[in-house]
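Examining the three-dimensional arrangement
The chain contents come next:
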Amino acid sequence: MNLSKRIFVVFLFSLIGLVFHFQAYACEKCSKHNKTSTVTASTDTSQSPFTVSLQYRPRFEYNQNKDFTADTSNEFVSQRARIGVTANFNEHILSMIQFQDVRAWGEEIDTLNDFSANAIDLHQGFVQLGCKHWYTKIGRQEIIFDNHRLVGNVDWTQQGRSFDSVLFGFQKDMYHLRLFFSKISDTGLKLDKDLHGSHLNLSVSSVLNLSVLFLQNSDYDKHIKRNTTGLYAKGEINSIFYE
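Residues numbered from 1 in each chain as written. Predicted model: local features only at pLDDT ≥ 70, side-chain atom pairs only at ≥ 80, totals over all residues. Heavy atoms only, no water.

Let us look at the environment of Leu129. Residue position: Leu129 is located in strand S4 (residues 120-131). Leu129 gets classed as buried once you look at its relative accessible area, which sits at 11%. (Helix = DSSP H or I, 4+ residues; strand = E, 2+ residues; numbered from the N terminus. Buried < 20%, exposed > 50% of the residue type's maximum accessible area, 1.4 Å probe, protein only.)

This is how it looks when you write it as structure tokens:
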């Protein structure tokens, strides 16, 4: 990692620490300002802050000549099993951890001696700290913009998509702004791949929902930086939906 990248990484994590410190201070001020409601909420022990989520999704697929060459037909059964725990301690702190196992039936060729569990993966694991209209989310997380066209969780695939990312957000009324930095690959020796960008959504009305997106994909191995920017709009006019 060269000197400029090290300076950037130090600056980024210093900024994260500053944001968390600022949000913790702001949340403390909010709690003091709303002391009565906070005390009332803390005395309610009837609800647990933990929520458990479970998912099992098998899928049968049959592919016949999908690449227009002979003898490429095959069929298989795949499955996705997920278990997750979300901890919503209060209106300011939320965390989540979610594991998944994705495999094809028959992938483990020995039912007794293959116990490596090499298909188990951490799909999401993050903590979110927020106060009023600001929030920060750090860790492995799904990032979804608009209709998933450029950035999404690609949930049709069994493995899905998540990012090792830091995300800053601001949401108030019709405005929702998100800034994020994701580490796609970190192999050292100047071979890293990063993705970062911003997304601003304006939910004006049912007639117009407008988004502005900017993305930068950096490949330091190939010395390439790709920038993508554009507009996205959707809405409904007289029962006619457009996108």
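Examined against the element boundaries, Leu191 turns out to sit in the loop between strand S7 (175-185) and strand S8 (193-203). Overall, the relative accessible area of 31% leaves Leu191 in the partly exposed class. Note: C-alpha distance between Leu191 and His223 (32 residues apart in sequence) is 9.3 Å. Excluding its chain neighbours within four sequence positions, the residues that come into contact with Leu191 are Ser185 and Asp221. (Contact = heavy atoms within 4.5 Å.)

In this section: unusual backbone geometry. Excluding glycine, a negative phi dihedral is what most residues carry, and trans is how most peptide bonds are arranged. The backbone of Val154 sits at a positive phi, close to 45°, despite the residue not being glycine. Turning to its location among the elements, Val154 is positioned in the loop between strand S5 (134-141) and strand S6 (163-172).

Inspection of every chain in the model, using the stated rule, returns three aromatic pairs. One cation-aromatic arrangement involves Arg59 over Trp156; the distance from NZ or CZ to the ring centre is 4.3 Å. Cation over ring: Lys137 sits above Phe126, and NZ or CZ is 4.7 Å from the ring centre. (Phe/Tyr/Trp six-rings, centres within 6.5 Å; stacked < 30°, edge-to-face > 60°. Lys NZ or Arg CZ within 6 Å of the ring centre and 35° of its normal.)

Now for a nonpolar patch on the surface. Taken together, the side chains of Phe50, Val52, Leu54, Ile83, Val85, Phe89, Ile93, Ile97, Phe99, Ile120, Leu122 and Val127 define a hydrophobic patch exposed on the protein surface, amounting to about 1000 Å² of accessible area. At the level of secondary structure, the elements contributing two or more residues to the nonpolar patch comprise strand S1 (50-63), strand S2 (74-88), strand S3 (93-104) and S4. Counting through the fold element by element, Leu122 comes out in strand S4. You can call Leu122 partly exposed: its relative accessible area is 30%. (Patch = residues over 30% accessible without salt bridge, like charges linked within 9 Å, V, L, I, M, F, W, Y side chains within 5 Å. Areas by Shrake-Rupley, 256 points an atom, 1.4 Å probe, with all protein chains shown as cover. Salt bridge = Lys/Arg side-chain N within 4 Å of Asp/Glu carboxyl O.)

So, on to the pattern of salt bridges. Under the criterion given, the structure shown has eight salt bridges. Across the pair Arg80 and Asp155 runs a salt bridge, and its minimum N-O distance is 3.2 Å. Placement of Arg80 in strand S2 and of Asp155 in the loop between S5 and S6 is noted, with a sequence separation of 75 residues between them. Owing to a relative accessible area of 0%, Arg80 belongs among the buried residues under this scheme.

With that out of the way, let us pick up the sheet that holds S6. What the eleven strands build is an open sheet, ordered S1-S2-S3-S4-S5-S6-S7-S8-S9-S10-S11; its pairing is antiparallel. This sheet does not close on itself; its edge strands, each paired only once, are S1 and strand S11 (240-242). The average angle at which neighbouring strand axes cross in this sheet is 10°, direction not considered. Where S1 lies against S2, 14 bridges are found, and the strand directions are antiparallel. Bridge assignment links Tyr56 to a residue of S2, and that residue is Ala81. (Pairing = 2+ DSSP bridges. Axes fitted to C-alpha atoms, helices over the stretch in contact; angles between N-to-C directions.)

Another point: the pairing of S4. Regular strands place side chains that alternate from one sheet face to the opposite one. The sheet contact formed by S3 and S4 spans nine bridges and is antiparallel. Paired with Asp101 across the bridge in S4 is Ile120. Where S4 meets S5, seven bridges bridge the pair, whose relative direction is antiparallel. By the bridge assignment for S5, Gln128 is matched with Lys137.

You can see Asn201 is positioned in strand S8. Looking at Asn201, the relative accessible area reads 14%, which means it is buried. With near-sequence residues (within four places) excluded, Asn201 lies in contact with Asp146, Met174, Tyr175, His176, Asn209, Leu210 and Ser211.

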